[in-house]
Amino acid sequence: MEVIETIVIQNSEVEGKETVVSSVDTDKTKAEFIWTVQATWHLVNTRLEMDQAFDQPVCKKKKLWEMVAEKVNAKLRESEVTDVTVKAYECDLKWRNMLATYRKNAERAKRLGVTSVHWEFFKAMHEVLGKSREEIEAQRRAKLSGTKVGKAIASKRFTPILPTPPATAAPCPTRPPQDVLQLYMELQERKMNMWAQQKALEERKIEAINNLAQAISSLAQKNSTQISKDGH
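Residues numbered from 1 in each chain as written. Predicted model: local features only at pLDDT ≥ 70, side-chain atom pairs only at ≥ 80, totals over all residues. Heavy atoms only, no water.

**Observations regarding the overall build of the protein**
Within the protein, the regular secondary structure consists of 9 helices and 2 strands. For the protein, the N- to C-terminal ordering of α and β elements is β-β-α-α-α-α-α-α-α-α-α. Burial statistics for the protein: of 232 residues in total, 20% are counted as buried. A sequence separation of at least 24 residues applies to 54% of the contacts in the protein between residues at least 6 apart. Split by element, the accessible area of the protein, about 19,000 Å² in all, is 57% carbon and sulfur. (Helix = DSSP H or I, 4+ residues; strand = E, 2+ residues; numbered from the N terminus. Buried < 20%, exposed > 50% of the residue type's maximum accessible area, 1.4 Å probe, protein only. Contact = heavy atoms within 4.5 Å. Areas by Shrake-Rupley, 256 points an atom, 1.4 Å probe, with all protein chains shown as cover.)

This is the structure we're talking about:
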């Protein structure tokens, strides 16, 4: 009868849950890094210390994660943990999982308060990741205020760039009164011509209607006369 030996390792992602690894997979786990609580704390502290480097708009994340892995391995060697070294992609994947857990707990903290969150890594991560952009910029300026660079920036006077005034249209030349009167007379004359044309058109319509009525009347009279003749 085969006896399966189990190794219980505390899972750093969800409090109270445990990961069970059977002895059948011992050959596989020898080549893989197992995230203990101590190793996870090394990752969290290292990654948070380098948060500004990761937050740069132009940066090589692969190189940064390699630096994180080197620092975590160095801290593990100081703790006499030299069985397996962690790789850069493993640090990246672990951090992504922790970020997902952090965000869920951050939402819980907003709804129910910080005291409702008992995840051990939340406080350390929230002190760095929970700050807004304005708070980070204010802290950066506060750090620079006492330095030579900060004093130089504060004392430097900048010439304000004023907005370019909009180009004003050239004023229209005013016409003398004679031109205005002549223009008015021309407009009135055009109106009179249009009115005369419209009146002539209406008269033609009336004349055409009258002619049509006379034609119909004469045609009716002819028909009645022809009918009376046929009757006799």
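Okay, back to it.
**Concerning the packing of aromatic side chains**
Evaluated as defined, the whole model comprises 5 aromatic pairs. Site record: aromatic cluster; members linked through ring pairs are Trp 41, Trp 119 and Phe 121. When the ring centre of Phe 54 is taken as origin, the NZ or CZ atom of Arg 47, which lies over that ring, is 4.0 Å away. (Phe/Tyr/Trp six-rings, centres within 6.5 Å; stacked < 30°, edge-to-face > 60°. Lys NZ or Arg CZ within 6 Å of the ring centre and 35° of its normal.)

**Observations regarding a nonpolar patch on the surface**
There is a patch of nonpolar side chains on the surface, built from Leu 181, Tyr 184 and Met 185 and spanning about 340 Å² of accessible area. With respect to the secondary-structure elements, Leu 181 resides in helix H9 (residues 177-231). For Leu 181, a relative accessible area of 52% gives the class exposed. (Patch = residues over 30% accessible without salt bridge, like charges linked within 9 Å, V, L, I, M, F, W, Y side chains within 5 Å. Salt bridge = Lys/Arg side-chain N within 4 Å of Asp/Glu carboxyl O.)

**Some details on the pattern of salt bridges**
This model, assessed by the stated rule, comprises 2 salt bridges. Close ionic contact of Arg 47 with Asp 51 constitutes a salt bridge, the shortest N to O distance being 3.1 Å. Across the pair, exposure class does not vary: Arg 47 and Asp 51 are buried alike. Here Asp 92 and Arg 96 are joined by a salt bridge, their closest N and O atoms 3.1 Å apart. With a gap of 4 residues between them, Asp 92 and Arg 96 both fall in helix H5 (residues 88-112), about one helical turn apart. We classify Asp 92 as buried; its relative accessible area is 18%.

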